[in-house]
Amino acid sequence: MSETRSDGELLRAIAADRDRHAFEELYRRYAPWLTARMRGRCADAGIVDDVVQETFLAVWRGTARYRDEGYSDAAGWLWRIAARRLVDAVRGDGARGRLRQTLSRLRHRDEASAEERVLAGVEHGDLAGALTRLSPELRAVLQATVIDGLTTREAAVLLGIPPGTVKTRALRARKQLREALA
């Protein structure tokens, strides 16, 4: 029975030695999770599959470089790459329109997404309560800009709203959180 390697060890082996077994292990470890999380952001399974594949290709080719000190974990690092790739994917004319329609339908449904339920269940004092009291629009902007690390422009494309609206909602959300946590 072989010893399980840490994420950092796998990523170093991929970068330094182009270790195929390390890459396959990393893929098996994170591809299902990344796919599920991406599907929470984009209902187009074709776009999601492409984004996940492009994310792992960037890792294999070395165009995405992992630095242990820069990220707390490999999952967060992979999510950041995938989120940016998703924004790039939806910038295409056809995909962009389809994604906007899908997101607008999803945004107005009554049931909270799995990611929203997880955010609401965060056990950090009053933060969970403060987050649940934010409107869905404000939470979506916080999620895109703070949690996913997207720029204002990228969040605007993803959410289908103007960049100025992203900025305004982000300011309002932060203000409401500060007031709730004070």
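From a predicted model like this one, the values you see are computed outputs, not experimental measurements.

*Asks:* Sorry if this is basic, but what is going on with the overall build of the protein chain here?
*Replies:* From N to C terminus, the protein chain includes ten helices and zero strands. Along the chain direction, N to C, the helices and strands of the protein chain fall in the order α-α-α-α-α-α-α-α-α-α. Residue pairs in contact within the protein chain that sit at least 24 positions apart in sequence constitute 60% of those at least 6 positions apart.

*Asks:* Explain the packing of helix α1 (residues 7-17) against helix α2 (residues 20-39) here, please?
*Replies:* A pair of packed helices is captured by two measures, namely the crossing angle of their axes and the spacing between those axes. The geometry of α1 relative to α2 is characterised by a closest axis approach of 8 Å and an angle of 135 degrees between their N-to-C directions. Of the possible angle classes, the one that applies to α1 and α2 is oblique. Note on packing geometry: the crossing formed by α1 with α2 is left-handed. Together, Asp7, Leu10, Leu11, Ala13 and Ile14 of α1 and Ala22, Phe23, Glu25, Leu26, Arg29 and Tyr30 of α2 make up the contact between the two elements. The class makeup of the residues in the contact of α1 with α2 is eight nonpolar, no polar and three charged.

*Asks:* Is there a simple way to think about the environment of Leu134 in this case?
*Replies:* Its place among the elements puts Leu134 in the loop between α7 (127-133) and α8 (136-147). Separated by 43 residues in the primary sequence, Leu134 and Leu177 place their C-alpha atoms 8.1 Å from one another.

*Asks:* Honestly, the confidence of the model for the protein chain in this entry has me stumped. Any pointers?
*Replies:* The predicted model of the protein chain averages 78 in pLDDT, with 72% of residues at 70 or higher. Summarising per-element confidence for the protein chain, the mean pLDDT is lowest in helix α6 (residues 114-120) (52) and highest in α2 (92).

*Asks:* Got a minute to help me understand the packing of aromatic side chains in this structure?
*Replies:* The description of two aromatic rings rests on the distance between their centres and on the angle between their planes. With the rule as written, the count across this model stands at four aromatic pairs. Here Tyr27 and Phe56 contribute two aromatic rings whose centre-to-centre distance is 4.8 Å and whose plane-to-plane angle is 70 degrees, an arrangement assigned as edge-to-face. With Tyr27 in helix α2 and Phe56 in helix α3 (residues 45-61), this pair connects stretches of sequence that are 29 residues apart. Arranged with centres 6.2 Å apart and planes meeting at 80 degrees, the rings of Tyr30 and Trp33 form a pair that is edge-to-face. You can see Tyr30 and its partner Trp33 sitting in helix α2, three residues apart, about one turn around the helix. We classify Trp33 as partly exposed; its relative accessible area is 33%. Members of the aromatic cluster, each reached through a chain of ring pairs, are Phe23, Tyr27, Phe56 and Trp60.

What counts, and where the lines are drawn
- Residues numbered from 1 in each chain as written.
- Predicted model: local features only at pLDDT ≥ 70, side-chain atom pairs only at ≥ 80, totals over all residues.
- Heavy atoms only, no water.
- Helix = DSSP H or I, 4+ residues; strand = E, 2+ residues; numbered from the N terminus.
- Contact = heavy atoms within 4.5 Å.
- Axes fitted to C-alpha atoms, helices over the stretch in contact; angles between N-to-C directions.
- Parallel < 35°, antiparallel > 145°, perpendicular 65-115°, else oblique.
- Left-handed = near helix turned anticlockwise from the far one by under 90°.
- Nonpolar A, V, L, I, M, F, W, Y, C, P; charged D, E, K, R; others polar.
- pLDDT = per-residue confidence, 0-100.
- Phe/Tyr/Trp six-rings, centres within 6.5 Å; stacked < 30°, edge-to-face > 60°.
- Buried < 20%, exposed > 50% of the residue type's maximum accessible area, 1.4 Å probe, protein only.

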